[in-house]
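Secondary and tertiary structure notes
Here are the chains, one letter per residue:
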Amino acid sequence: MKTELELKDVAVAYDGNTVIKEVSLSLQPGEIGCLLGPSGCGKTSLLRAIAGFEPVSHGEIHLNEQLVSQPGNSVPTEQRRVGMVFQDFALFPHLSVAKNVAFGLKKMDAGQRDARVNELLQLVGLAHLKEAHPHQLSGGQQQRIALIRAMAPRPDILLMDEPFSSLDTELREQLAREVRELLKRDGITAILVTHDQLEAFAMADVIGVVGEGRLHQWDSGYNIYHKPQSRFVADFIGQGVMLPGKVSEALAIDTELGTIEGKLPLGCKPGCEIELLLRPDDVLHDDESELKLEVKERAFRGAEYLYTLALPSGQPILCLVQSHHHHRIGERIGIRLDVEDIALFPAR
Amino acid sequence: MRVNYWSISSSGIALILAIPLFVVVANIFVPAGEVWQHLAETVLRDYVVNSLLLMVGVAIISLTLGVGTAWLVSMTEFPGRRVFEWALLLPMAIPAYIIAYTYTGMLDFAGPVQTTLRELTGWGYGDYWFPEVRSLEGAAIMLALVLYPYIYLLARAAFLSQSLCVLEVSRSLGNGPWRTFFSVGLPLARPAIAAGLSLVLMETLADYGTVQYFGVDTFTTGIFRTWYGLDNAPAAAQLAAILLLFVVVLVTLERYSRRQARYHDSGRGKSSLTRLPLHGWGRLSATLFCLATLLFGFLLPAGQLGLWAIDTYEEMIDQRFATLVFHTLELAVLASLLALITALLLNYARRLQPNRTVRFAVRAAGMGYAIPGTVIAVGVVIPFGWFDNTLDSWMREQFDISTGLLLSGTLAALLFAYLVRFLAVSLHAVESGLERITPSMDEAARAMGERPAAILGRIHIPMLKGSLITALLLVFVDVLKELPATLILRPFNFNTLAVRAYELAADERLADAASAALAIVIAGLIPVILLSRSLSQSREEKK
């Protein structure tokens, strides 16, 4: 199967300062990728390097199996067949909606162009706004127009830089779902940059966690949540605590919460001091359980409570419980562990 | 290492534009001999004292008018407020020297006011006391009447941007509206008001026409007299350098205030403003105060000019007047195009290559707005004359050819001076247009397969069009009104409307000067209309 996008050991530098390095990843046709990381981590620089706005200082970028970027040599953006959706949408204020969408369709004749514009406008349900100007649109409408404008010339890959960040939170999730559906229907390969993990989970097939100038993991959403490969990923994604433990002779893990069995990652030898990542959903509430811990804090989240419990040593653990289980602070509640994926890190 | 053409060309432009400034400052070190001694002993003290007194007078009057009207139209409700909001800008259209001689004509012994007074009372010559317009106080009033809109504009914007919450906090803590104004509203607007005031004072220092006509000895008139009367270039340049010192203080004040204004700006403007409704006497005096400001600043002088023009236009509008208009338009069009091209070049240099050199060069190139026309003229004549003389003697020695005066007394010298003085105007207009084209728009176009040249044609030019026209218009009008630099630098027998109006007025042919003056005032209305349009637009956006 061919690869739509491939990065080999890519580094990007501004004025001699490397902002991101050692990035290797690939996307198959029709896949949606996501670069997820805190602000200033270099994810946008990486996207801009793929678009051709920034040169790479090391490595290679291949688009549609053609080398487009290497140090000292970069195919200009306009020859790359990429579509880009910007954080501020960058709609041209002097052009109508239809003319914005048609902007990149130079090679078509007027009839084809009109047909393509109408088709796309209908796809996002904005055909009635054809003659409107960008300032007359709402934020969500502007976002959709920016998206179909980038899709119009049928680019090899669609690049999206924080495409939902300027929208209201409620609108964001709804649009993320809509956009995913749209891209999947047309089989468009895309990569988006965001700092919002829920957005990443909602949109992407493959997620790359970027931090401290590196790509930590390029994996499915499930895996980066449950099988993080670095402490950075474990900390950045979701919630959880690190439970100290020790690998036993029987290749199980002895912790304050008892012995945990399961498939251990490679390289764990008996006697190793480790820390186990415990997600709130790994800890189940069970009134029958012998193991009872004191409630230190609780946060109501609608469908569930997030309880912070304390082990005898004072070590806190998190527990997610359906919200009709009320327990007061100071109460002792029964829990049991249900750890399916074991994520271990060397003890600090 | 690649040669950076943007850095080189923008620094080159900035350096060339800085020549007049360098020349004036460098002349401090040229001995001016006895003339300087003579100046220092006799008139220098007068120049300093008069300039300072004039600044104090203009400051007091323009602050009263500018802040007072700005507060009334932005914070209170009274009959006519909506009209006053834009109409209070109208006095900006009249150059100070024109309002000065108009009032002289209206108020002198033979003028309509004193004549009516005598007719009503039966008094004759010497029976009564009447204030003399042609005095330092008169000059201060004239300048303040046409300059207060600078303060009005900035103060009004500051009052409108004050967060309603801050004012409401003060009210909720038990302060009445007046106390709130003096303890919260006014202090918050102070930086903006100070910035406006420094612009007013810069214009006051730069004024030549008014003080010359009124016979008040200030720096600008002193420079003229030393230049023409004593024929001593270094001494004139040294006077200019002292004047520059005053300007530097004002520019520093303005920059500092603008920075402060940013800190004082409490961010989001209020969504709905509840204006203070005025009642009874307050209501009446608010209307009267704004009306009087407008009446004395625009309606009366413009009306008088109109009446005079009706009386005299048949004799005045002739072949000669046509030549005059043609010359003026020629100059103004050339200067505004030149300024626009330079401004485009500098702005694109800053956009495409935003390094330190380019940013500094662009700022330096815009400094001329603060330098009085007289100073720029002196700084242009000296180096251009030196260049002509040097070239001429060298050519004579080498080839026995006399090249004569190549630059001095040509349109080129005049255009160069205008460029130095007014480039900031077009720089600013182009900049505000270019800011609307975000970098991501360029990138979006490139991602859709457009090359840079095509982006210029499909995005930049259509989006910039309005700003480019504004830039052209503003410089055009400024050139039309400019007097002192034109007087010094114009080619022999080359007149503009401003120079002609000034000459006729100086010959006491006030009524005859009206046609030229009125033409200038009407052109001066263009920027006022542009400004009031942007005022109403910002009001629309607030809604």
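The rules we used
- Residues numbered from 1 in each chain as written.
- Chains lettered and ligands numbered in written order.
- Predicted model: local features only at pLDDT ≥ 70, side-chain atom pairs only at ≥ 80, totals over all residues.
- Heavy atoms only, no water.
- Buried < 20%, exposed > 50% of the residue type's maximum accessible area, 1.4 Å probe, protein only.
- Helix = DSSP H or I, 4+ residues; strand = E, 2+ residues; numbered from the N terminus.
- Pairing = 2+ DSSP bridges.
- Axes fitted to C-alpha atoms, helices over the stretch in contact; angles between N-to-C directions.
- Parallel < 35°, antiparallel > 145°, perpendicular 65-115°, else oblique.
- Left-handed = near helix turned anticlockwise from the far one by under 90°.
- Contact = heavy atoms within 4.5 Å.
- Nonpolar A, V, L, I, M, F, W, Y, C, P; charged D, E, K, R; others polar.
- 1 Å grid on protein atoms, 1.4 Å probe; cavity = no way out; pocket = protein on both sides within 12 Å on 5 of 7 lines; lining within 4 Å.
- Points joined across faces, edges and corners; volume = space filled by probe spheres on them.
- Salt bridge = Lys/Arg side-chain N within 4 Å of Asp/Glu carboxyl O.

Residues and elements named next belong to chain B. Most of helix α12 (residues 219-229) sits inside the fold, with eight of its eleven residues counted as buried. Buried within α12 we find F219, T220, T221, G222, I223, F224, T226 and W227. Remark: D231 follows α12 within two positions and exhibits a positive phi of approximately 55 degrees.

Next up on the list: the sheet that holds strand β21 (residues 344-346) of chain A. Residue and element names in this part refer to chain A. Reading across from one edge, β14-β13-β12-β15-β21 is the order of the five strands in this open sheet, with antiparallel pairing throughout. Two strands lie at the open edges of the sheet, namely β14 (258-260) and β21, each paired on one side alone. Geometrically, the sheet is characterised by an average inter-axis angle of 40 degrees between neighbouring strands, direction not taken into account.

Once that is clear, we can look at the packing of helix α4 (residues 44-75) of chain B against helix α10 (residues 177-206) of chain B. Residues and elements named next belong to chain B. Closest axis-to-axis distance for the α4/α10 pair is 9 Å, and the angle between their directions is 135 degrees. With respect to their mutual orientation, α4 and α10 come out oblique. The interaxial crossing formed by α4 with α10 has right-handed handedness. Of the residues in α10, those in contact with L54, M55, V58, A59, S62, L63, V67 and W71 of α4 are W178, F181, L186, I193, L197, V200, L201, T204 and L205. The residue makeup of the contact of α4 with α10, split by class, is 15 nonpolar, two polar and no charged.

Now for the layout of surface pockets. Residues and elements named next belong to chain B. In this model, the second largest pocket occupies a volume close to 1200 Å³. Mapped onto the lining of the second largest pocket, the elements with two or more residues apiece are α1 (5-17), α15 (319-352), α18 (411-435), α19 (439-447) and α20 (452-481). Taken together, the residues that form the lining of the second largest pocket break down as 14 nonpolar, four polar and eleven charged.

Right, let's get into the pattern of salt bridges. Enumeration over the complete set of coordinates arrives at 27 salt bridges over all chains. Taking the shortest distance from any N to any O, the salt bridge between R48 of chain A and E54 of chain A comes out at 3.2 Å. A salt bridge links E508 of chain B to R134 of chain B; its shortest N-O distance comes to 3.3 Å. In this pair, E508 of chain B is assigned in the loop between α22 (497-506) and α23 (510-542) and R134 of chain B in the loop between α7 (112-121) and α8 (136-161), connecting sequence segments 374 residues apart. What makes E508 of chain B partly exposed here is its relative accessible area of 46%. Taking relative accessible area as the criterion, R134 of chain B reaches 29% and is therefore assigned partly exposed. One salt-bridge network, in which partners are shared between bridges, spans E77, R81, E85 and R156 of chain B.

In short, geometric facts, not functional conclusions.
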